[in-house]
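# Structure at a glance
So you can see what is in the structure, the chains are spelled out below.
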Amino acid sequence: MTQLSPFTSHEVADLLDEAQRVRGSLDRGFRDHLVESIYHDAAAIAGRVTRRGKAAGFDLDRVIDRIVLSPVLGLPLMLLLLGLIFWTTIIGANYPSQMLATGLFWIEAQAAAMFEAMGAPWWLTGFIWHGVYRGLAWVISVMLPPMAIFFPCFTILEDLGYLPRVAYNLDWLFKKSGGHGKQALTMSMGFGCNAAGVIACRVIDSPRERLIAILTNNFVPCNGRYPTLILIAMVIVGAGFAPTAASAIAAASVLMVVVIGVIATLLASALLSHTLLKGQASAFTLELPSYRRPNIGRIIYTSLIDRTIFVLLRAIATAAPAGAVIWLLGNIHAGASGGTLDQHVAGFLDPLGHLIGLDGVILLAYIIAIPANEIVVPTMLMVYMSTGMMTEDVSHDSLRQVLVEQHGWTMLTAINLMLFSLLHNPCATTIITMWKETRSLRWTALGAVGPLVVAFAVCFIVAQAAHLFGLG
Amino acid sequence: MILTNQNSDAKSQQSGLWGWLSRWKARRQQHRMEDLLKHLHACERRRRTASVESAAGFLHVSTRRAMTLIAQAEARGLLRRAANGLALTDHGRELAMAVLRAHRLWERYLADEAGMPLPRVHATANRLEHERVGDQVDELDAVLGFPHTDPHGDPIPSAAGQLAAVPGIALTDWSTGEAGHIVHLEDEPAFVFRQIVDLKLMPGQRLQLQSVDEHGQYEVNIDGRTLLLSPQVAANVYLEPLQELHPTAIAAPRRLSELHQSEAAVIDRIDDSLRGLSRRRLLDLGMTPGTVVSAEHTAMFRDPTAYRVRGTLVALRREQADRILLRDESTGE
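By convention here, each chain's residues receive numbers from 1 onward along its written sequence. Chain labels run from A onward and ligand labels from 1 onward, assigned in the order the entries are written. This being a predicted model, a pLDDT of at least 70 is required before a residue's local features are given, and a value of 80 or more before pairs of side-chain atoms are given or counted; all residues contribute to the totals for chains, interfaces and linings. With hydrogens and water set aside, each side-chain value is computed from the structure's full complement of heavy atoms.

Secondary structure elements are taken from DSSP: a helix is a run of H or I of four residues or more, a strand is a run of E of two residues or more, and numbering for both begins at the N terminus. A count of helical and extended segments in chain B gives twelve helices and 13 strands. Viewed in the frame of its principal axes, chain B has a C-alpha envelope of about 70 × 50 × 35 Å. Counting the 333 residues in chain B, one finds 48% classified as buried. For this analysis, residues touch if any pair of their heavy atoms sits within 4.5 Å. The contacts of chain B with a sequence gap of at least 6 include a subset with a gap of at least 24, amounting to 62%. Here chain B has roughly 16,300 Å² of accessible surface; of this, 52% comes from carbon and sulfur atoms. The centroid of the 41 positive side-chain charges in chain B is displaced by 8 Å from the centroid of its 44 negative side-chain charges. Relative accessibility decides the category of a residue: with a 1.4 Å probe and only protein chains considered, values under 20% of the type maximum give buried, values over 50% give exposed, and everything between is partly exposed. We get accessible surface area from the Shrake-Rupley algorithm with a probe of 1.4 Å; when it comes to residues, only the shown protein chains can shield them. Residues scored as positive are Lys and Arg, those scored as negative are Asp and Glu, and His as well as the terminal groups of each chain are ignored. Every charge is mapped onto a representative atom, which is NZ of Lys, CZ of Arg, CG of Asp or CD of Glu.

Here is the structure:
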């Protein structure tokens, strides 16, 4: 090394001394001048080698921005766009879901019959086909169609350059709550996946505000929770209305849940910045890029390969073992009454569940679904059916029959389930991501337990208020 | 350079609650010892005499405990008892300087990079200054770009332990009509410093003393604002004369935040009070002196505003647009 260096160590030391001495005589603003001269040179070069077209009288970007960034129209337009996406998802996902389910469950029946014909023991057939496989089939048929519609729609908005404008429109809210304007961006990433949203918080440079964004990201529903929300909205909430209005009402209720999630994010941020993470709202600089024509190829690639398939694979990876656990819980009999394990646990959780307007089965489903929120609904239905396997009937009418008529669900149960799904603790992946990003067990614990406490508190208040007014 | 008890190595080997407790006690002992040296150093700088009583008061401990601590420091050759009180040895002064250097570098970091409000910076740095591992402090110095002063304008000791004199002249020794820029804001006592922060005074601001009224109130002009300072505040604000009287320095300069919709102007400079990360970010976006900017869109409640800079749209919050000063077109600059 020393042979390669043109300087002796003595010369290097002299040079460092010289630097130390000169540094003292530097003007305070020398960094500014440095940047200034770089920009000056760059502008000179650009001026020499590029030609600027005549400034057009009509600038489309500017016209669009006048509407999108308008203080009056900006926010309503944003809500309208989001509502439209939900509505499209709900309308479009219904039929393919049922088709997928029919096909996948047909395979299950054939395979199980083949196993039996080959003389495989009942528990092997049950464990593999009615446990693991059925878990997978459920997750794929419930999740794949909504994701295949929701993600491309969202990616189009992203590709257009709309997301920074969302951050711009929401900045005054985040400023009031003591957060960073870019928290609106990381929040929108959370709509896709909370773990991705937590990683996205790296774009926030101030440590205090980054922590706030990480801890509150969970309050917006990720796509793992959309199937639950959309399903409940369609089956229980929308069904109470005329068939023509049902899908619009369902979309509106999902939009409501999202708005409540945003409000919860803001309140939690304000609470944090007034207690644990005191400080003033810091700088906010945000580039608003010019609009681009969406690139269809890239949209299909990022939304279907990067997002849909990635999320689906993760769901499958957690749903398979969860399916096995569900099957075991539903098939092991214990106690004097001879009930299955899941019935015992659900019975034990029941009083707590009723206190917050839910029931024991729902809580059990959430405990099993900690690795992935995607499998909450399948788990719930399976325990309700008590057939020892997940139900294969996914038609909405029969679902409503099971939930409302056999298990006493009310509108309150539906609303509280949606609220609980929105506010409860993040999934295991998000918790691990929080730890990776903060490297602090304490903040991770707060990020995991805090939302759960909020979820219990909100559901408890809603349930008790409903009981008080004689509803539900 | 970190102080440890002679037998702390043996103690730190212990595990369990007892080991944890003894390590905690050793650390608290180290913090108190370093605080004692800091106090002696501050007295030395102000040419005051340090005594057992003054040390006890500074450390918030009983006189007896302070005496034990002083005896221990003396045994380790960090201080000696002089005829008129306590004095640092060379070794003790070296250590005090290392603590002071860590303290002020941390203050710089917390204020500029972490965006912590100024009144809380001091207390946090008081905790961090004792955790000096390896050459962490030198790394911090390099990361911050070898700053000369802390956010209050106090000089930061060099790695070799050299400490420059506190710069500037107090506003109370300033004469009417004279202009200067703020170089130092004394951060003790804390309640006066809080008033200074509430008045939004910051090192780097240009100030002109207008008059002193019969109640001893100082009327000053700072970047176009007229403020009344109490004598206590004025005594804690230190200034240096301006080398050249910039025409826009004292007259109220226009700020980017005052720009009307679709109005264009030229940036004069970014206020010196905006430092660290947020300043670099503005410069990186091309908001350099001489750049033309125009206000294009304003969000709900007039915050933030989107500005057109070098062909791109950049949104800024009001607080930042406030710190960007515009060129006065009427002077034809």
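Let us now look at unusual backbone geometry. Residues and elements named next belong to chain A. One non-glycine residue, Arg-439, lies in positive phi territory at about 55°. Examined against the element boundaries, Arg-439 turns out to sit in the loop between helix H18 (428-438) and helix H19 (441-468). You can call Arg-439 exposed: its relative accessible area is 56%.

Quick look at the pairing of strand S5 (residues 206-212) of chain B now. Residues and elements named next belong to chain B. Should DSSP find at least two bridges between two strands, the strands are regarded as paired. Here strand S4 (residues 179-185) pairs with S5 via three bridges, running antiparallel. Looking across to S5, one finds that Ala-179 is bridged to Gln-208. Where S5 folds back on strand S6 (residues 218-222), the antiparallel hairpin that results is connected by five residues, among which Gly-216 adopts a positive phi of roughly 80°.

A separate point is the interface of chain A and chain B. With 38 residues of chain A at the interface, the matching set in chain B holds 41 residues. Defined in terms of a 1.4 Å probe, buried area is the accessible area two parts forfeit on being brought together, summed over both. Buried surface at the junction of chain A and chain B, both sides included, amounts to about 3,500 Å², of which 54% is carbon and sulfur. Any Lys or Arg side-chain nitrogen found within 4 Å of a carboxyl oxygen on Asp or Glu counts as a salt bridge. Here chain A is connected to chain B by five salt bridges. The salt bridge partner of Arg-317 of chain B is Asp-171 of chain A, with a shortest N-O separation of 2.8 Å. For the purposes of these results, a polar contact is taken to be a pair of N or O atoms within 3.5 Å, where, inside protein, one atom must be able to donate a hydrogen and its partner to accept one; residues adjacent in sequence count only when each atom of the pair is a side-chain atom. In this structure, the connection of chain A to chain B is made through twelve residue pairs in polar contact (both at pLDDT 80 or more). Counting residues per element, the side of chain A that touches chain B draws most heavily on helix H6 (residues 163-176) of chain A, at six residues. Under the scheme applied here, ten amino acids are nonpolar (Ala, Val, Leu, Ile, Met, Phe, Trp, Tyr, Cys and Pro), four are charged (Asp, Glu, Lys and Arg), and all others, including Gly, are polar. Looking at the side of chain A that touches chain B residue by residue, the classes come out as 14 nonpolar, nine polar and 15 charged. In this sheet, strand S12 (residues 312-316) of chain B lies alongside strand S1 (residues 285-288) of chain A in antiparallel orientation, the contact comprising four bridges. Within S12 of chain B, the position partnered with Glu-287 of chain A by the bridge is Val-314 of chain B.

A word on a positive patch on the surface. Residue and element names in this part refer to chain B. On the surface, a cluster of positive charge is contributed by Lys-25, Arg-28, Arg-64 and Arg-65. Secondary-structure elements contributing two or more residues to the positive patch are helix H2 (16-45) and helix H4 (63-75). With respect to the helices and strands, Arg-64 occurs in helix H4. Patch construction takes residues with relative accessible area above 30% that form no salt bridge. Like charges are linked within 9 Å, and nonpolar side chains (Val, Leu, Ile, Met, Phe, Trp, Tyr) are linked within 5 Å.

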